[in-house]
Number of protein chains: 2
Amino acid sequence: MRTIAGTAGLLRSYDNILILTHLRPDGDTVGSAAALCAGLRALGKTVFLLPNPELTEITAPYFQPYAAPEGFQPQRVVSVDIATTNLFPENAMPYADRVDLAIDHHPSFERFGRDNYVRPSAAATGEIIYDILARLGPVTAEMALPLYVAISTDCGCFAYSNTTAYTHAVAAALIQTGIDVQVVNKRFFRTKSRKRLALEAAMLGAAEYHDGERVAVLAVPLALMERFQAAESDAEDLSALGGQIQGVDCAVTMRELRPDVWKFSVRAGPRVNATEVCARLGGGGHAAAAGCTVEAPFEDAKRRMLDSIAQAVPDFTL
Amino acid sequence: MRTIAGTAGLLRSYDNILILTHLRPDGDTVGSAAALCAGLRALGKTVFLLPNPELTEITAPYFQPYAAPEGFQPQRVVSVDIATTNLFPENAMPYADRVDLAIDHHPSFERFGRDNYVRPSAAATGEIIYDILARLGPVTAEMALPLYVAISTDCGCFAYSNTTAYTHAVAAALIQTGIDVQVVNKRFFRTKSRKRLALEAAMLGAAEYHDGERVAVLAVPLALMERFQAAESDAEDLSALGGQIQGVDCAVTMRELRPDVWKFSVRAGPRVNATEVCARLGGGGHAAAAGCTVEAPFEDAKRRMLDSIAQAVPDFTL
């Protein structure tokens, strides 16, 4: 395990670097990789990002300027925001056993690099990359913009519980470089597709409440996705929706993956242990957020989940 | 107009102080007043907030510990976050011509105090109160919590365009005092009432799109409020909803105030000047957000608005 100074020192010694991002790339892996690439290029190095086939319309613009040309042969490989090699995109698999440096903030980080740096208290890997870049030279606007994307997306625009004083301090330093964060805020936090809004409205309209209205069950059957011709990008993180209903401290979201195969996401307050609820159905996670998959028709799958919640909460009422 | 040091000096010279908040009190006026009260009490002064009859369930807890007892006779009167005496609650009117110090961040601030401090670049009056308190002594957790409420609510949890590097720097300093901002974030930014969610779903379900889907019209007829037995608190800031629809750069929200009396709120991107659109119907505002009121049946009122938008946008298509 390296120190932050040691990690910066390693990077200063590298050249011809390939940076890897994770499967289903989010703002943090894309923004961290882009900023690191920009920062190392500012030192005169040759650096590229390994193309990631799953970029979305809103993450791609931050990634593409740094995408590696076909046939780029790196001397050094660095991964950012990847907890385990299981999360490597397929085209990164050839590098799985030759990562020189792995930088991450997940508690579950598996230290698969030859050198590793992890800081689980960081709200985003972007916070760590900021610290590294600040040691390598001035943090310019070109680095600050993707870093703002990385940090703001991983902390829900400073609303999630991983946000710390340091998260805000780094945001202040990034904005000080003169970047326009309004475009980022609007794009990532204040825009929803019409299909997404239709999905949310339908889910809320059909929501069921139990246990004195403290347990909500929201469903996304395949038929609903088809009805709105919704894409996967319209359905991202739909499990957060139930968690914002006033008075609800256990929000269950049922997503139909294939006919009669339901993926449950449970978001719970202190009264309900989401892991316990999901473990009984073969899943797991954290106390506040857990998941499991149940193969059964809708009513049956829902009943099993409610039974499991009833076992976890002594005074449960349907 | 005082400097920040001069303003802090004035407050240090005061005692037996009454602090005023504005009509329809929001997080900024309540949080700023509570923090200033706590800070001045820490200097040994007698300070109270004039009771505000319109506190909501989520703002009241920050206000009540400092509410003035009946019959409190102040020597000094200070207003926070109030742009004009027109925004004084009725019980503050007797103090309208004897405000010793008025502190505000609105560009429209009318300098109605004997002394005045205004900083329009501040995202919230809370930023100014922080600067004042930092000059008067250590900013404690008791002051920091309401200040975080003040600042975060006025900048949409750091997502609105008024958020600056300084806004984040102050947030970092506040969190450093050890306050639990997660309760605030959850309560103000990640919770919606079931009635509010039902209103939003119904509005989106019935939304009309024009001009190549760039103009959206969302309506809140009286019948909709009645259908869900929604209260005023469920309908706050509903005009923000249309602004988040992907591809829409002119969101029109029509709220029926009384039968056939429609209050329009227009939120627009750079293509459409919202003031121009609303001015033609007797209203006004800013280029990005404006409003007007039209007395007419729904279809007629809507038609007048669309006609006005069509005049402002040369290539408008229904």
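None of these values were measured; they are calculated from a predicted model.

Peer 1: Any chance you could break down the relation of the copies chain A and chain B for me, citing the residues and the numbers?
Peer 2: Expressed as a screw operation, the relation of chain A to chain B combines 0.1 Å of axial shift with a rotation of 180°, fitting to an RMSD of 0.1 Å. Taken together, the rotation and translation describe the operation of a two-fold axis. A high fraction, 100%, of the interface residues of chain A reappear at the interface in chain B, so the copies pair face to face through one surface.

Peer 1: Could you give me a rundown of the sheet that holds strand S5 (residues 115-118) of chain A, with the residues and numbers involved?
Peer 2: All names here are of chain A. One open sheet accounts for five strands, arranged S2-S1-S3-S4-S5; its pairing is parallel. What marks the edges here is a single partner per strand, and that holds for strand S2 (47-49) and S5. The average angle at which neighbouring strand axes cross in this sheet is 15°, direction not considered. Where strand S3 (residues 76-80) lies against strand S4 (residues 101-104), three bridges are found, and the strand directions are parallel. In the strand pairing of S4, Val78 is matched with Leu101. Lying over the sheet, helix H1 (residues 4-13) contacts S3, S4 and S5, oriented at roughly 135° with respect to S4. Against the sheet, helix H2 (residues 27-41) touches strand S1 (17-20), S2 and S3, its axis set at about 165° to S2.

Peer 1: Before we move on, can you summarise the pairing of S1 of chain A with the specific residues and values?
Peer 2: All names here are of chain A. Burial along S1 is two-sided: Ile17 and Ile19 facing one way and Leu18 and Leu20 facing the other are all buried. Relative to S3, S1 is paired through four bridges, and the arrangement is parallel. Across the sheet, Leu20 pairs through a bridge with Ser79, a residue of S3. Inspection of the sheet shows S1 paired to S2 by three bridges, in the parallel sense. Looking across to S2, one finds that Ile19 is bridged to Leu49. For the segment spanning S1, H2 and S2, crossover handedness is right-handed.

Peer 1: Could you give an account of the interface of chain A and chain B, naming the residues involved and the relevant values?
Peer 2: Facing 33 residues of chain A, the contacting portion of chain B comprises 33 residues. Between chain A and chain B the total buried area reaches about 3000 Å² when both faces are included, carbon and sulfur atoms providing 58% of it. Of all residues in chain A, His168, Arg194 and Gln244 of chain A bury the most surface against chain B, accounting for 22% of the area lost on that side. The interface formed by chain A and chain B holds two salt bridges in total. Among the salt bridges present, the one from Arg194 of chain A reaches Glu213 of chain B, with a minimum N-O distance of 2.8 Å. The tally of links between chain A and chain B comes to 17 residue pairs in polar contact (both at pLDDT 80 or more). Mapped onto the side of chain A that touches chain B, the elements with two or more residues apiece are helix H6 (165-175), helix H7 (181-189) and helix H8 (194-205) of chain A. Counting residues per element, the side of chain A that touches chain B draws most heavily on H6 of chain A, at six residues. In the side of chain A that touches chain B, the residues fall into 15 nonpolar, 12 polar and six charged.

Peer 1: Residues and numbers for the environment of Val184 of chain A, please.
Peer 2: Residues and elements named next belong to chain A. Position of Val184 among the secondary structure elements: in helix H7. For Val184, a relative accessible area of 1% gives the class buried. Sequence separation between Val184 and Val99 is 85 residues; the distance between their C-alpha atoms is 31 Å. With residues near it in sequence (within four places) discarded, Val184 still touches Tyr62, Leu145, Tyr148, Val149, Ser152 and Phe189.

Peer 1: Which residues make up the pattern of salt bridges, and what values do they have?
Peer 2: Considering all chains together, one arrives at 34 salt bridges over all chains under this definition. In this structure, Arg255 of chain B engages Glu232 of chain B in a salt bridge whose closest nitrogen and oxygen atoms are separated by 3.0 Å. Linking Arg255 of chain B in strand S8 (residues 250-258) with Glu232 of chain B in the loop between helix H9 (222-227) and helix H10 (240-243), this pair joins segments that are 23 residues apart in sequence. A salt bridge links Arg304 of chain B to Asp300 of chain B; the nearest nitrogen and oxygen atoms lie 3.4 Å apart. With Arg304 of chain B and Asp300 of chain B both in helix H12 (residues 298-312) and four residues apart, this pair spans about one turn of that helix. Each of Asp211, Arg214, Asp249, Arg271 and Asp315 of chain A takes part in salt bridges that share partners, so that together they form one network.

Calculation rules
- Residue indices follow the written sequence of each chain, beginning from 1 at its first position.
- Labels follow written order: the first chain is A, the first ligand is 1, and so on.
- Residues qualify for local features only when their pLDDT is at least 70, as the model is predicted, and side-chain atom pairs are given and counted only at 80 or more; totals for whole chains, interfaces and linings, by contrast, use all residues.
- The side-chain values count all of the structure's non-hydrogen atoms but skip hydrogen atoms and water molecules.
- Only residues with pLDDT of at least 70 in both copies count here: their C-alpha atoms drive the least-squares fit that superposes the copies.
- Contact criterion: two residues are considered in contact whenever any of their non-hydrogen atoms come within 4.5 Å of each other.
- In short, DSSP must find at least two bridges between two strands for them to pair.
- The way it works is that DSSP assigns letters per residue, a run of H or I at least four long becomes a helix, a run of E at least two long becomes a strand, and they are numbered from the N terminus.
- Fitting a line to C-alpha atoms yields each axis, with helices limited to the stretch in contact; the angle taken between N-to-C directions then spans 0 to 180 degrees.
- Classification of residues uses two cut-offs on accessible area relative to the type maximum, computed with a 1.4 Å probe and protein chains only: under 20% is buried, over 50% is exposed, and between them is partly exposed.
- A right-handed crossover is one whose linking path, passing over the helix from the first strand to the second, runs clockwise when the strands point away from the viewer.
- Note on terms: buried area is the combined drop in 1.4 Å-probe accessible area of two parts once they are placed together, counting the loss on both.
- Salt bridge criterion: a side-chain nitrogen from Lys or Arg within 4 Å of a carboxyl oxygen from Asp or Glu.
- Polar contact is defined as a pair of N or O atoms within 3.5 Å, subject to the rule that within protein one atom must be able to donate a hydrogen and the other to accept it, and that residues adjacent in sequence are counted only when both atoms are side-chain atoms.
- Here the nonpolar group is Ala, Val, Leu, Ile, Met, Phe, Trp, Tyr, Cys and Pro; Asp, Glu, Lys and Arg are the charged ones; every other residue, Gly included, is treated as polar.

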